[in-house]
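A structural walkthrough
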Amino acid sequence: MKKALLPLALALLVPVISPGWGFFGHRTITQVAVYALPSGMQNFYFRHMAQLVKLSTAPDERRSDDPTEESKHFIDMDHFGDNPFGLMPKAYDKAVAKYTADTLKKYGTVPWTVLDVKEKLTDAFKEGDTTAIIALSADLDHYVADAFVPLHTTENYDGQLTKQQGIHSLWESKLPELFIAQYKLDSEKADYLKDPQAAIWQVLQASYGFLGATFDIEAEINKKFSTEKKYTYSHKYGKTRRSYSDDFAKEYNKKVGGMVAYRLKGAPTMVASFWYTAWKDAGSPDLNKLMHPSKLSKDEKEQLDTQLKAWKENQLVDQSLLLALQKPEAAPTNPADIPDENAPKAPAAPAADQPAKVKVKQKQDDGPKQKTKVKKDDAKKPDDAFGD
Ligand SMILES: [Zn+2]
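None of these values were measured; they are calculated from a predicted model.

**Overview of the pairing of strand β3 (residues 239-244)**
- Taken together, the 6 bridges between strand β2 (residues 231-236) and β3 define a ladder with antiparallel strand orientation. Its bridge partner being in β3, Tyr231 is matched across the sheet by Tyr244.
- With antiparallel pairing between neighbouring strands as the criterion, β2 and β3 make up a hairpin whose turn holds 2 residues, including Tyr237 at a positive phi of roughly 50°.

Put into structure tokens, the structure is as follows:
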């Protein structure tokens, strides 16, 4: 009897996989990006900061409903060979000519999505359309931030090819959630991007460069952990979810935390630089005209000054000013209990009803890899609403 139940039990064991920075990371990056803006834009963005922070996760929330959304969040560069950044044309048209649009869609389009949304944001600035400016700024913010995550640049996005399932969520959700107080958030100010295309590709190449350590350090720590100590299990909606334990995360953070912190600190500057570049390219329109009332109130001004000071002194967490840490009601108290934000990254793949594709890939140091497709259905987040 027990034997018969086993396959079912295994089928219900869903690893916690996350689609981008967890909600926590996206929200943090968005808030800090507002501080990194130049003064001509900052008041407008500060006025709308809470909304931007909230909308920063909207692209992930759309994934289960919008079939065109999936491929916008990543690019599996290792699919394109050993020297993918040398081989891949940076411009979309040239990349399509070399690899076809279907292939690009399958393996991800994040760099071109960033550039496309940046153009749309430029148009929204020209039109003075506040709603569009906010929505597109949040989208642009999300995709730029995703490009900062190493695991968004590989087919082995959740360690599923190297028996390291759950590493995606460990890296981009669990570590920032547990160790944010140790990470410095005093990011650099925004710069105008003379070549946005080169800028986003640079981000991706840097992310890709961190992949070796991301996997190797997990494997190294793994040697010291028994399975019982390595993982923790949570039960929700009839499913058992497995994720890395706090003890494992602590060890992983000792060696990888600096890298996570570095990406978390770099992302807001790049986000703000993309916002700034779109605004400049639109002719630097007066954003005060879009504000009603057009100036920050005394109260708002004081809040902004306090927050900017806290940001520069790296005190946002200590002074409880980080919006991502201000839990919406009904939120779990333990960050490790937030699987909701961690919908699996569905395959950069064709139809959901296709059979699981098994792919074996040999890499110098990684050993044999088996690629198992995650079914689209698994990407459904039962309580997305939690992420508000
Ligand atoms: Zn994403």
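So that's the structure; there's more coming.
**Notes on the confidence of the model for the chain**
- Here the chain averages 83 in pLDDT, and 79% of its residues register 70 or above.
- Long-range and interchain partners of residues 1-18, a stretch whose pLDDT sits below 50, account for 31 contacts in this model, where long-range means more than four residues apart.
- Within the model, pLDDT remains below 50 along residues 330-388, and this stretch shows 99 contacts once partners closer than five positions in the same chain are excluded.

**Some points on the nonpolar core**
- If you look at the biggest cluster of nonpolar residues, it comprises 80 residues, and the most contacted ones within it are Leu37, Val114, Leu140, Val144, Ala147, Val271 and Trp275.
- Top contributing element to this core by residue count: helix α15 (residues 246-281), with 15 residues.
- Residues contacting Ala147, with those up to four places away along its chain left out, are Val110, Val114, His152, Ile200, Val203, Leu204 and Ser207.

**A few points about unusual backbone geometry**
- Here the amide bond leading from His292 into Pro293 is cis, since omega sits at -5°, within 30 degrees of zero.
- Tracing the backbone shows Pro293 in the loop between α15 and α16 (298-312).
- Of note in the backbone geometry, Lys163 takes a positive phi value of approximately 55° without being a glycine.
- Within the secondary structure layout, Lys163 lies in the loop between α10 (130-147) and α11 (167-179).
- Judged by the 12 C-beta atoms lying within 10 Å of it, Lys163 is exposed.
- Not every positive phi belongs to a glycine, and Asn314 is a case in point at roughly 60°.
- Turning to its location among the elements, Asn314 is positioned in the loop between α16 and β4 (359-363).

**Topic: the environment of Tyr192**
- Tracing the chain through its elements places Tyr192 in the loop between α11 and α12 (196-209).
- The spatial distance from the C-alpha of Tyr192 to the C-alpha of Phe274 is 7.6 Å, given a sequence separation of 82 residues.
- Apart from the residues lying within four places of it in its own chain, the contact partners of Tyr192 are Tyr276, Thr277 and Lys280.

**Some details on the packing of helix α9 (residues 110-127) against α15**
- Orientation of α9 relative to α15, taken along the N-to-C sense of each, is 50°, at an axis distance of 8 Å. When the axis of α9 is compared with that of α15, the two are oblique. Along this stretch, α9 crosses α15, giving a crossing that reads as right-handed. For the pair α9 and α15, contact is made by Lys118, Leu121, Thr122 and Phe125 and by Phe274, Thr277, Ala278, Trp279 and Asp281, respectively.
- Looking at side-chain class alone, the contact of α9 with α15 contains 5 nonpolar, 2 polar and 2 charged residues.

Rules and cut-offs
- Residues numbered from 1 in each chain as written.
- Predicted model: local features only at pLDDT ≥ 70, side-chain atom pairs only at ≥ 80, totals over all residues.
- Pairing = 2+ DSSP bridges.
- Helix = DSSP H or I, 4+ residues; strand = E, 2+ residues; numbered from the N terminus.
- pLDDT = per-residue confidence, 0-100.
- Contact = placed C-beta atoms within 7 Å.
- Core = buried A, V, L, I, M, F, W, Y, C linked by C-beta atoms within 7 Å.
- Buried ≥ 20, exposed ≤ 12 C-beta atoms within 10 Å, placed from the backbone.
- Axes fitted to C-alpha atoms, helices over the stretch in contact; angles between N-to-C directions.
- Parallel < 35°, antiparallel > 145°, perpendicular 65-115°, else oblique.
- Left-handed = near helix turned anticlockwise from the far one by under 90°.
- Nonpolar A, V, L, I, M, F, W, Y, C, P; charged D, E, K, R; others polar.

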